[in-house]
Amino acid sequence: RNVKLRLLEAFAESDQEFVSGQKISEVLGCSRTAVWKHIETLRKEGYEVEAVRRMGYRLIKKPEALSAAEIQSSLSTSFMGQAVHYEKSVPSTQKIAHQLAGEGASEGTIVIADEQTEGRGRLSRVWHSPVNTGIWMSCILKPKIPLSQTPQLTLLTAVAIVQAIEETTGILPSIKWPNDILINGKKAVGILTELQAEADSVHSVIIGMGINVNQEARDFPDALKTIATSLKLEAGNDISRTSLIQAILYNLEQLYTAYLSAGFHPVKLLWESYAVSLGREIKARTLQGTIYGKALGINDEGVLLLQTADGTVEKIYSADIELS
Ligand code: BTX
């Protein structure tokens, strides 16, 4: 942290001019090679640093942090996002949302952070959540629905996010059942739905959304480079996280309200219009084993229907799917 502060001070003193690598190595008391590493660390945190041979380094842009006030400033919802719990860095926004839900937080409360150090996906997988580049957000819902219908909320959220991305960036993503949003075949969004429930009564549904917004290719770890993308990479320009959050909250509230009064069917139609892989041969890896078949669609519960070679239609409640 000290190194970072001294580095930022050196840039501040230079007043937007280049600072030579030599000067930085003196200020930090490290080698020229180490200077490069520190610059890379800054970049990973969302600082834009220009490097020019023989000139040195120049700080072009500091990362833009989110703020609850800004998110709420022109938010046109009646309950979604009307309570915002913002933190700079957290292990996982899901954890905090679970805690707040347990303490009686109101419906529509969101937890949002600029960075997650232990962001998670399904089955305890890791969700890479670097600072100031994405939307790492959990939303608390309290629907009065049976437990069996809660997977519908994952699909509903996917639709809300796709609509918001389209409105904000002009990009039309597609949805891969159940919870991936893809752009040009690469994952830009993940959704994680978790429950606080008892027997058959749902207390709270915590919907976690991870959206890659302003990452550059170099911000992704090697393992994700070929499978993940960000809105900026696809659109070619920076995207305002605040505007996108507001659009998501608005669409989420609209769809959720319609869902509570009219049921899943309207959401299902929208979902199908954005879905890839329907009608195609897929491979579904479930905890019980792998099934191959043709994806027929989803039923009114939100369950994937898979027709296997012998003609039987299997219901898939939870799986990772791939085109086969
Ligand atoms: P998932 O299990 O479908 O996907 C996790 C997989 O996706 C990982 O194993 C990895 O291959 C890949 N992956 C990891 N990070 C990224 C990324 N940034 N972009 C693209 N692919 C990635 C998806 O789970 C559900 C993710 C929900 C994340 C949100 S963020 C706010 C909330 N807090 C929290 O801890 N999780 C949720």
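It should be emphasised that the depicted structure is a prediction, and the values quoted were computed from it without experimental measurement. The residue numbering used here restarts from 1 in each chain and proceeds along that chain's sequence as written. Under the rules for a predicted model, residues below a pLDDT of 70 receive no local features and side-chain atom pairs below 80 are neither given nor counted, while totals for whole chains, interfaces and linings still include all residues.

**Student:** Run through the site of the ligand, naming residues and quoting values.
**Tutor:** As a matter of local geometry, the ligand sits amid 27 residues, with S92, G121, G190, G208 and G210 nearest to it. Counting only elements with at least two residues in the shell around the ligand, the list comes to helix 5 (93–102), strand 5 (134–141), strand 8 (186–198) and strand 9 (201–212). Using a C-beta atom placed from the backbone, a residue is described as near a molecule or strand when that atom lies within 6 Å of it. Strands are runs of DSSP state E lasting at least two residues, helices are runs of H or I lasting at least four, and both sets are numbered from the N terminus onward.

**Student:** Run through the domain arrangement of the protein chain, naming residues and quoting values.
**Tutor:** Domain start and stop points were drawn from an automatic or database domain assignment. Domain annotation of the protein chain identifies domain 1 (2–61), domain 2 (68–273) and domain 3 (277–323). Distance from the C-alpha centre of domain 1 to the C-alpha centre of domain 2: 35 Å.

**Student:** Before we move on, could you go through the sheet that holds strand 8 and cite the residues and values that matter?
**Tutor:** Strand pairing follows a simple DSSP-based rule, namely that at least 2 bridges must link the two strands. Read across the sheet, 7 strands follow the order 3-4-5-9-8-7-6 without closing on themselves; strand pairing throughout is mixed. The open sheet terminates on both sides in strands that have one partner only, identified here as strand 3 (84–90) and strand 6 (174–176). Ignoring which end each strand starts from, the neighbouring axes of this sheet average 20° apart. Two elements, strand 4 (residues 110–116) and strand 5, share 4 bridges in a ladder whose sense is antiparallel. Considered in strand 5, the bridge of A113 is made with W136. With C-beta atoms placed from the backbone, a contact is any residue pair whose C-beta atoms sit within 7 Å. Here the axes come from fitting lines to C-alpha atoms, over the contacting stretch only for helices, and the angles between their N-to-C directions go from 0 to 180 degrees. Strands strand 3, strand 4, strand 5, strand 8 and strand 9 of the sheet are contacted by helix 5, whose axis makes an angle of about 20° with strand 5.

**Student:** Pulling in residues and values, what's your account of the UniProt feature "binding site: biotin" (unreviewed entry) in the protein chain?
**Tutor:** UniProt positions are given in the numbering used here, feature names are shortened, and annotations may be inferred rather than shown by experiment. In the UniProt entry, the feature "binding site: biotin" (unreviewed entry) is given for Q116, R120, G121, R122 and K187. Locating Q116 in the fold gives a position in strand 4. Since 25 C-beta atoms lie within 10 Å of it, Q116 is described here as buried. Setting aside residues no more than four positions away along its own chain, Q116 makes contact with V90, P91, S92, T93, S129 and W136. With respect to the helices, strands and loops of the structure, K187 is situated in strand 8. To sort residues by exposure, count the other C-beta atoms lying within 10 Å of each residue's C-beta; 20 or more gives buried, 12 or fewer gives exposed, and values between give partly exposed, all with C-beta atoms placed from the backbone.

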